[in-house]
Amino acid sequence: MNSVTFASRRADTGRFAIVACLLVLSFALRPGIVSIGPALPQIQHAFGLSYSESSLLTSIPDVCMGLFVLCVPAISRRLGVDRTILFSLLLLTVATFCRALSHSTPSLLFWTTMVGMGIAIAGGLMGGWIKKHFADESSLFMGLYAGGLSIGATVAAGGTGLIANVTGSWRIGIGTWCILGVTAVLSWLSLSRRLSADAGNTSHQVTRTASTANTARAAIKLPWTHGRAWLIAIFFGLCQFIAYACLAWIAPWNFEVHASRIPSGLMLGTFTLLLAAGSFAAGALARKTPDRRILLAIGTGMTAIGFAGLVFAPTSFPVVFVALIAFGQGICFALGMTLPLDFADTPEDAHAWTMLVLFVGYLIAALGPFVFGYLRDHTGAFSYSFVTLLIVSVVTLAMTPVLKRKHGAEV
């Protein structure tokens, strides 16, 4: 009896450690993008960038997250899944540090591209990794992963401006987040060792499994001709179009028009915090809700209401409207990342569906910050930008009835 109790406690401890490592890793995968928002006015001034040009600092990582995800199978076949993720985290860490040292626009954009590449490679493998190790709880663990991404974004959103003000340097403000890259590397090394040890106490079992998965992936084609895959990808992309436009411009908008008395960095921090809350809530509730469409309708509906408020009554309750948008987008993000797994029967299929969704989705998402900034440049106000996001949010709401899960998919 004692041995059974000990084994149960050991299993619980191991599970907790795996969740903790997954969260710490996910914390590092958004600050490289989100930290730009609070420092954008200073970066614009330092490099003489227009609104459209400065939007590239957020759009470029999105493009990379779409394009470079197609390179993931080839890289992982050569290096193995564990080493590929380790490589991507190291690249992200170095690029975040070097970008803060940039003294020219080309250098700034180059290291921003490297940041996007690091995020893309790691993110492209996480869906299949979760499907492989937690097939029966994919929605829960994807919710934890998505929530961790949002927590990292929250810390960066709230901390970048504070660090920049205390140190008197926006470079330190955006460069500090390479520290999270270091902790992500350490967490991944610990996670890899732990899963190897837990897999039947055979030191090479995880390596052989990864090798088999990679070999199988070589023969698997992305579901280019599958209509449902494209539907999910477009839905995910439109949601990320909204989210990244907000991540890039909520802080500058609040600073420029004095939308609220809340400091711009804190406003962005509130947005990302509620984004995380929505992701965690969706991950927990999705296990108990057979039909994803219910939660998706709630998320997209909250988003549409929030933008309607910012368009038609921008000075009334701006913080409430931003909160509705953030929580709604958190729900959409977590479930949008989970939808590809609902149609995957194997980890290899999960990789294929996830890669297509990320490829198409993030290319659409990259337009969000740019379109928002372009409209601000050419109209002299933010109102048309918010009207555009309202239209996109209504489109995503209209799409939810057709996003039905595959029959018999794991909750």
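Our subject is the structure that appears above.
Throughout what follows, the structure given in this document is the object of discussion. (Residues numbered from 1 in each chain as written. Predicted model: local features only at pLDDT ≥ 70, side-chain atom pairs only at ≥ 80, totals over all residues. Heavy atoms only, no water.)

## Describing the nonpolar core
The nonpolar side chains of a soluble globular protein tend to be buried with one another.
Here comes step 1: With 122 residues, the main nonpolar core has Ile43, Trp129, Tyr145, Phe307 and Leu389 as its most contacted residues.
Here comes step 2: Tallying contributions element by element places helix 13 (residues 227–257) first for this core, with 18 residues.
Here comes step 3: Beyond its immediate stretch of four places on either side in the chain, isoleucine 43 contacts Ile36, Gly48, Leu49, Leu57, Leu108 and Trp170. (Core = buried A, V, L, I, M, F, W, Y, C linked by side-chain atoms within 4.5 Å. Buried < 20%, exposed > 50% of the residue type's maximum accessible area, 1.4 Å probe, protein only. Helix = DSSP H or I, 4+ residues; strand = E, 2+ residues; numbered from the N terminus. Contact = heavy atoms within 4.5 Å.)

## With respect to helix 7 (residues 81–100)
Here comes step 1: For helix 7, spanning 20 residues, the distance from its first C-alpha to its last is 29 Å, which sits close to the expected 28 Å at 1.5 Å a residue.
Here comes step 2: Regarding helix 7, the residues found buried are Val81, Thr84, Ile85, Ser88, Leu89, Leu91, Leu92, Thr93, Ala95, Thr96, Arg99 and Ala100. (Expected span 1.5 Å × (residues − 1).)

## What about the packing of helix 8 (residues 105–133) against helix 17 (residues 347–365)?
Here comes step 1: Following both chains from N to C, one finds helix 8 and helix 17 inclined at 150°, their axes separated by 8 Å at the closest point. Between helix 8 and helix 17, the interaxial angle falls into the category roughly antiparallel. As for the relative orientation of helix 8 and helix 17, their crossing is right-handed in sense. Together, Gly123, Gly124, Leu125, Gly127, Gly128, Trp129, Lys131 and Lys132 of helix 8 and Pro347, Ala350, His351, Thr354, Met355 and Leu358 of helix 17 make up the contact between the two elements.
Here comes step 2: Broken down by class, the residue content of the contact of helix 8 with helix 17 amounts to six nonpolar, six polar and two charged. (Axes fitted to C-alpha atoms, helices over the stretch in contact; angles between N-to-C directions. Parallel < 35°, antiparallel > 145°, perpendicular 65-115°, else oblique. Left-handed = near helix turned anticlockwise from the far one by under 90°. Nonpolar A, V, L, I, M, F, W, Y, C, P; charged D, E, K, R; others polar.)

## Re empty space enclosed by the protein
Here comes step 1: The final tally for this structure, using the stated rule, is five cavities of 30 Å³ or more.
Here comes step 2: Arg30, Val34, Leu149, Ser150, Ala153, Gln240, Ala243, Tyr244, Leu247, Leu275, Gln329 and Phe333 together form the lining of the second largest cavity.
Here comes step 3: Of all the secondary structure elements, the ones that give two or more residues to the lining of the second largest cavity are helix 9 (138–167), helix 13 and helix 16 (318–342).
Here comes step 4: With four residues, the single largest contributor to the lining of the second largest cavity is helix 13.
Here comes step 5: Split by residue class, the lining of the second largest cavity holds eight nonpolar, three polar and one charged. (1 Å grid on protein atoms, 1.4 Å probe; cavity = no way out; pocket = protein on both sides within 12 Å on 5 of 7 lines; lining within 4 Å. Points joined across faces, edges and corners; volume = space filled by probe spheres on them.)

## Focus: the side chain of glutamine 240
Here comes step 1: Tracing the backbone through its elements, the reader meets glutamine 240 in helix 13.
Here comes step 2: Apart from residues lying up to four places away in sequence, glutamine 240 is in contact with Phe333, Tyr362 and Ala365.

## Focus: a nonpolar patch on the surface
Here comes step 1: On the surface, Leu70, Trp224, Trp230 and Ile234 cluster together into a nonpolar patch covering about 340 Å² of accessible area.
Here comes step 2: Checked against the element boundaries, leucine 70 lands in the loop between helix 5 (56–67) and helix 6 (72–79). (Patch = residues over 30% accessible without salt bridge, like charges linked within 9 Å, V, L, I, M, F, W, Y side chains within 5 Å. Areas by Shrake-Rupley, 256 points an atom, 1.4 Å probe, with all protein chains shown as cover. Salt bridge = Lys/Arg side-chain N within 4 Å of Asp/Glu carboxyl O.)

## Some points on the packing of aromatic side chains
Here comes step 1: Counted under the stated rule, the structure contains 14 aromatic pairs.
Here comes step 2: Judged by centre distance (6.0 Å) and plane angle (15°), the rings of tryptophan 249 and phenylalanine 372 are stacked. Of this pair, tryptophan 249 sits in helix 13 while phenylalanine 372 is found in helix 18 (residues 367–379), placing the two residues 123 residues apart along the sequence.
Here comes step 3: A centroid spacing of 5.3 Å and a plane angle of 75° characterise the contact between tryptophan 253 and phenylalanine 386, whose relative ring orientation is edge-to-face. Placement of the pair is tryptophan 253 in helix 13 and phenylalanine 386 in helix 19 (residues 383–399), with a sequence separation of 133 residues.
Here comes step 4: For phenylalanine 386, a relative accessible area of 4% corresponds to the buried category.
Here comes step 5: Across the ring face of tyrosine 51, the terminal group of arginine 376 is positioned such that the distance to the ring centre comes to 4.6 Å. (Phe/Tyr/Trp six-rings, centres within 6.5 Å; stacked < 30°, edge-to-face > 60°. Lys NZ or Arg CZ within 6 Å of the ring centre and 35° of its normal.)

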